[in-house]
Amino acid sequence: MRIATYEHAGAPHLGLLGERGVRPLPDDLTMLGLLAAGQARRSAAAAAAGDEIGLEEVRLLPPLHPPSMRDFVSFEAHVAGVR
């Protein structure tokens, strides 16, 4: 199962990526939620996927959006501590 985040009609969605398009997954799913779910939930989501939308109609997005980004090497004191 190849999972993708994509934009279609101006909104982000989650779907199953195929060779020619994506099949939308139910809107209540998130990438993190789907990855954390068990195999039974992932199989149920795949069974509920909608009709394929061609790749030319969508824009693929980064798969995950982390809740925060931390850069511990941004301050001189941190760099000195690494040495």
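Every value quoted in this text rests on a predicted model; they were computed, and no experiment measured them. (Residues numbered from 1 in each chain as written. Predicted model: local features only at pLDDT ≥ 70, side-chain atom pairs only at ≥ 80, totals over all residues. Heavy atoms only, no water.)

Novice: Let's hear about the pattern of salt bridges: which residues, and what values?
Specialist: Using the criterion set out here, one finds 2 salt bridges in the structure. A salt bridge links E7 to R59; its shortest N-O distance comes to 3.1 Å. Taken as a pair, E7 in strand β1 (residues 3-8) and R59 in strand β5 (residues 59-61) lie far apart in primary sequence, 52 residues in all. For R59, a relative accessible area of 48% puts it in the partly exposed group. Across the salt bridge formed by R41 and D28, the nearest N and O atoms sit 3.9 Å from each other. With R41 in helix α2 (residues 39-47) and D28 in the loop between β3 (21-24) and α1 (31-36), the pair connects residues that are 13 residues apart, well separated along the chain. Using a relative accessible area of 62% as the deciding quantity, one classes D28 as exposed. (Salt bridge = Lys/Arg side-chain N within 4 Å of Asp/Glu carboxyl O. Helix = DSSP H or I, 4+ residues; strand = E, 2+ residues; numbered from the N terminus. Buried < 20%, exposed > 50% of the residue type's maximum accessible area, 1.4 Å probe, protein only.)

Novice: Account for the sheet that holds β3, naming residues and giving values.
Specialist: Pairing within the open sheet is antiparallel, and its 5 strands lie in the order β4-β3-β2-β1-β5. A strand with exactly one partner marks an edge of an open sheet, and here the two such strands are β4 (53-54) and β5. (Pairing = 2+ DSSP bridges.)

Novice: Residue-level account of the nonpolar core, with values.
Specialist: In terms of nonpolar packing, the biggest core is built from 9 residues, these being L14, L16, L25, L29, M31, L34, A45, A46 and A49. Aside from chain neighbours lying at most four places away, what touches M31 is I3, A4, T5, L14, P63 and L64. (Core = buried A, V, L, I, M, F, W, Y, C linked by side-chain atoms within 4.5 Å. Contact = heavy atoms within 4.5 Å.)

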